[in-house]
Structure formats: structure tokens, C-alpha cells
Amino acid sequence: MDRSPKVATPLAACWVGVPPSVPPLGLLAIATVTFVVLPGAMMRNAGLRFVCKWVDLRVENPRTPFTTRCRAGEVLRLPIAHGEGNYVSLSRPEWVVLRYCDADGNLTDAANPNGSQDCIAGVTNPHGNVFGLMPHPDRASDARLGSADGAKIFQSMMETIVASRPISAPERVAQVA
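Residues numbered from 1 in each chain as written. Predicted model: local features only at pLDDT ≥ 70, side-chain atom pairs only at ≥ 80, totals over all residues. Heavy atoms only, no water.

### A closer look at the confidence of the model for the chain
When pLDDT is averaged along the chain, the result is 79; 72% of the residues meet or exceed 70. Here strand β1 (residues 9-13) is the element of the chain with the lowest mean pLDDT, 38, and strand β4 (residues 51-59) is the one with the highest, 97. Here residues 1-22 is modelled with pLDDT under 50, and outside its nearest four sequence neighbours on either side it reaches 63 contacts, counting other chains as well. Low pLDDT (under 50) marks residues 30-36, which in the prediction has 21 contacts with non-local residues, meaning those over four places away or in another chain. (pLDDT = per-residue confidence, 0-100. Helix = DSSP H or I, 4+ residues; strand = E, 2+ residues; numbered from the N terminus. Contact = heavy atoms within 4.5 Å.)

Take a look at the structure:
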């Protein structure tokens, strides 16, 4: 396999199993390849080196099932660990959810650890129910891990799933009581 920076691989994602009545949600590392194609492609990091460090990310779209706990422009701190994180895309701006930034939320070349187009760090599919991202929110879900910002993504997903599911009669009675 030619791993030169000129070769781009299609992005794909997977569905997370949820009850049929709930819209499917998927959260994955952008480079995961399974069923649902996301807009764009991955290339080797601009420096052709594996990058493992903490980065700052600006929330571009808080209106996704993955970012309802965030504010537009909020800066999250999450770790990355990848050798092929240079994201390129022709996607529409509304599909971009996260961008690499500095601690103040400014998009700069210095804040972009892999040369990703327009500092893109995370995108959704056109339906907004699959979120591909290079940072690892699972590695920043508790302050003891260095940051709890990743928990906002999982809490957003949980709230979306709970809000989408139908309420049973006994639950309705319990809520009224």
C-alpha cells in the first residue's frame, strides 16, 4: 500500500446500535472504515510523523446530537494520536463540527497539528447522525485524565438518545406523580 501523502483514503463510519425508534448515532475515529461514508478523505500528517498530544478544538456547530452540551465557539481540550489525520474535504461548512485552534479559539497554522484542511478536526455526515473526529473524547472524559471536555460529547449523545425514545405508560405515570 502506497502511504505517500498524495494518496487519500475515503472516510467511512459505523452505526452505533440503538433501539429502532431512536435515530441511529455513530461516534468514531475518522479513519475507521465500515459502512457509512463521511464527506472527505484522510491523508498522512503534513509532517509525515505520528502526532500524540493534547489539542484545543473550537466547536463550530453546537446543534448536532454530539455537541448539544457545547456552545458555538467554545474551546474543548482533547488528545489526538494519529499518523493519518490530515483531513481534506469538499464538504459544506455546516457539516464541520470541530476545528483545531489555539487556546483562545483562533484558527492558526500552529494550532493545526496535522495540516488538516481549514483546521477541520471533526465532521458529521449530511444527516448529522454520524460524527467522525480525529481527537479522542474517551481519553478526556474525566478531569483525572487531564480534561473532562470529552464527556460533553458523550453527555450530548446520551441526552439525544433519551429525548428521542418514546416514553412508556409507567414512565409517564412516574413523571406526573
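### With respect to helix α1 (residues 150-164)
For α1, with 15 residues, the first-to-last C-alpha span of 22 Å sits near the 21 Å given by 1.5 Å per residue. All of the buried residues along α1 are Gly-150, Ala-151, Ile-153, Ser-156, Met-157 and Thr-160. (Expected span 1.5 Å × (residues − 1). Buried < 20%, exposed > 50% of the residue type's maximum accessible area, 1.4 Å probe, protein only.)

### Quick notes on the packing of aromatic side chains
Per the counting criterion, the structure on display carries one aromatic pair. Ring centres of Phe-66 and Phe-131 lie 5.2 Å apart, and the angle between their planes is 40°; this geometry places the pair in the tilted category. In this pair, Phe-66 is assigned in the loop between β4 and β5 (75-82) and Phe-131 in strand β9 (residues 130-133), connecting sequence segments 65 residues apart. A single burial state applies to Phe-66 and to Phe-131, both of which are buried. (Phe/Tyr/Trp six-rings, centres within 6.5 Å; stacked < 30°, edge-to-face > 60°.)

### Things to note about the pattern of salt bridges
Where charged atoms from two side chains of opposite charge approach closely, those side chains can pair. Using the criterion set out here, one finds seven salt bridges in the structure. The partner of Glu-60 in a salt bridge is Arg-58, with the nearest N and O atoms 2.5 Å apart. Glu-60 is the salt-bridge partner of Arg-99, the closest N and O atoms lying 3.4 Å from each other. Here Glu-60 lies in the loop between β4 and β5 and Arg-99 lies in strand β7 (residues 96-101), a separation of 39 residues in the sequence. Of the residues examined, Arg-99 reaches a relative accessible area of 13% and is grouped as buried. For Glu-60, a relative accessible area of 26% gives the class partly exposed. (Salt bridge = Lys/Arg side-chain N within 4 Å of Asp/Glu carboxyl O.)

### What about the pairing of β4?
Strand direction decides the pairing type here: β4 and β5, joined by eight bridges, are antiparallel. Directly across from Leu-57, in β5, lies its bridge partner Leu-76. Judged from the four bridges that link them, β4 and β7 form a sheet pairing that is antiparallel. In the sheet register, Asp-56 faces β7, and the bridge partner there is Cys-101. (Pairing = 2+ DSSP bridges.)

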